[in-house]
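In case you want the letters, here they are:
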Amino acid sequence: MTVIAIPEGSLFGPGNLPYGIFSTADTEPRVGVRVGDSVLDLSRLFDDIVFAEPSLNAFMAQGRARWDEVRAAIQDAITGDLDEDAVFSIDDVTLHLPIEVADYVDFYASENHASNLGRLFRPQNPDPLMPNWKHLPVGYHGRSSTVVTSGVDIVRPCGQRKGPNDEVPVFGPSVRLDIEAEMGFVVGVGSPMGSQIAPDDFADHCFGAVILNDWSARDIQAWEYVPLGPNLGKSFATSISPWVVPLAALEAARIDTPVQDPEPLPYLRGDEKWGLDIDLAVEWNGHLVSRPPYAQMYWSPAQMLAHTSVNGAATRTGDLFGSGTISGVEKDQRGAFIELTWGGAEPVRVGDETRTFLEDGDEIAISATAPGPDGTRIGFGEVRTRILPATGTGI
């Protein structure tokens, strides 16, 4: 028997307990929960085959009552003795994509980010926001097949681009490869086609949250996006952290959103607070370059999910929706390099170098923490990725 020792100040104490999929050198991927610097094998703790699955989907589909039951049982179990073969050091496991992604939708929920891009792309307009922006959470449907987890390298995408000095479009590797520091939210229980999810029903459907990096090829995107929006400039990769922090762990982080003026339409209103006080940190080749604050996001994740389903679209276990780039008021709070460098006109210092967009070999790490119970803080881990050279030929 063994007892899990939780280091003082750990971001993975009993108030957090994020879920993930892990394997060891001689075992298959299965469900675990992080406790301090250990991973607890839930297939050994519970007599339920869902915890022997290589994704969280089967467990998530069991619903909120089961999520609460399992969380309470884990919190009780880690206070006592556990079977030694159920506990692994975090250094001895391999982490995998935690969910089988059903659909992926990315939103555009930061007023600071949307305003900055409006000023960059439409400097002649007095209002940087498009007319619809404060009336609904703007989003686009992404590609679930290219969602990967931390540690999976990203190959620089190729595609059509047309620069200001190009007479005709050219094909080649993106030269304006960018990040988008976001939070992602995972649907645990879906809704049937023809139904709607109200904002105050969010906790019955959303299982938890991850850190999300929605990679963006800005030059490919700029040429293709009119009139239908992002496509190949976004679809090549989206990275998420391997730990899914359950929504129940975020109670102390719940806050009001900024004042929404004009008042949203009734289907976007709710009585519960679903703004979230989450602090992100972006490191570029090991150097901190930005601290995006999720607390300043205009639209809440509950409103995003409500908007996703308001037309009667079905939602499913494993659906993932991103918040869109998280940016604060200050320059060092911008969550995309197109903002941080103002379209490349204002390079930033990265160690001994100056940079605008990503170069081959660069490594990006995004981490996040939030208030936990009793004055503690909880962590989401990180999503860390390296950029590899392009391989496409265009043939």
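Quick caveat: nothing in here was measured; it's all calculated off a predicted structure.

Per the domain assignment, the segments of the chain are domain 1 (19–96) and domain 2 (104–388). Computed from C-alpha atoms alone, the centre-to-centre distance between domain 1 and domain 2 is 28 Å. Of the roughly 1500 Å² buried between domain 1 and domain 2, counting both surfaces, carbon and sulfur atoms make up 71%. Among the residues domain 1 hides against domain 2, the three largest losses belong to Tyr 19, Met 60 and Trp 67. Together they make up 38% of the total. Counting across the domain 1 and domain 2 interface gives one salt bridge. Arg 64 is the salt-bridge partner of Asp 204, the closest N and O atoms lying 2.9 Å from each other. Secondary-structure elements contributing two or more residues to the side of domain 1 that touches domain 2 are β1 (19–24), β2 (27–35), α2 (57–60), α3 (64–77) and β5 (94–96). Across the side of domain 1 that touches domain 2, the residue classes tally to 10 nonpolar, five polar and three charged.

Let us look at the packing of aromatic side chains. Any two aromatic rings considered together are summarised by their centre-to-centre distance and by the angle between their planes. Throughout the structure, instances matching the rule amount to 14 aromatic pairs. Note on Phe 46 and Phe 51: the rings are 5.3 Å apart at their centroids and 35° apart in plane angle, and the pair reads as tilted. Each of the two residues, Phe 46 as well as Phe 51, counts as buried. Ring plane angle 55° and centroid distance 5.2 Å describe the contact between Trp 133 and Tyr 298, whose orientation is recorded as tilted. Highlighted residues: Trp 133 in the loop between α4 (111–121) and β7 (139–141) and Tyr 298 in the loop between β21 (287–290) and α8 (301–309), separated in sequence by 165 residues. Exposure class is identical for Trp 133 and Tyr 298. Each is buried. One aromatic cluster is present, built from ring pairs that chain together Tyr 19, Phe 46, Phe 51, Phe 59, Trp 67 and Phe 207. When the ring centre of Phe 12 is taken as reference, the NZ or CZ atom of Arg 34 above it lies at 3.9 Å. When the ring centre of Phe 46 is taken as origin, the NZ or CZ atom of Arg 66, which lies over that ring, is 5.9 Å away.

In this section: the pattern of salt bridges. All told, the structure shown has 26 salt bridges when counted by the stated rule. Residue Lys 134 is joined to Glu 111 by a salt bridge in which the shortest nitrogen-to-oxygen separation is 3.1 Å. Residue Lys 134 is located in the loop between α4 and β7, and its partner Glu 111 is located in helix α4; the two are separated by 23 residues in the primary sequence. Judged by its relative accessible area of 26%, Glu 111 falls in the partly exposed class. Of the charged contacts, one joins Glu 382 and Arg 384 as a salt bridge, the two residues approaching to 2.8 Å between their closest N and O atoms. The network of salt bridges with common partners includes Asp 178, Glu 180, Asp 214, Arg 218 and Lys 234.

Cut-offs applied
Residue positions are counted from 1 within each chain, in the order its sequence is given. Local features are withheld for residues below a pLDDT of 70 in this predicted model, meaning they are given only at 70 or higher, and side-chain atom pairs are given and counted only at 80 or more; totals for whole chains, interfaces and linings count all residues. Excluded from the side-chain calculation are hydrogens and water; included are all heavy atoms of the structure. By convention here, the domain bounds are inherited from an automatic or database domain assignment. Two parts placed together each lose some accessible area; with a 1.4 Å probe, that loss summed over both constitutes the buried area. Salt bridges, as used here, are contacts in which a Lys or Arg side-chain nitrogen is within 4 Å of a carboxyl oxygen on Asp or Glu. A run of H or I in DSSP counts as a helix once it spans at least four residues, and a run of E counts as a strand once it spans at least two, with each numbered from the N terminus. Any residue outside Ala, Val, Leu, Ile, Met, Phe, Trp, Tyr, Cys, Pro, Asp, Glu, Lys and Arg is labelled polar, Gly included; the first ten of those are nonpolar and the last four are charged. Between the rings of Phe, Tyr and Trp (Trp by its six-membered ring), a pair exists once the centres lie within 6.5 Å; its type follows the angle of the planes, with under 30 degrees stacked, over 60 edge-to-face, and the other angles tilted. Three labels apply to residues, based on accessible area from a 1.4 Å probe with only protein chains included: buried if under 20% of the type maximum, exposed if over 50%, partly exposed otherwise in between. Remark: a charge is flagged as sitting over a ring if the NZ atom of Lys or the CZ atom of Arg is within 6 Å of the ring centre and within 35 degrees of the ring normal.

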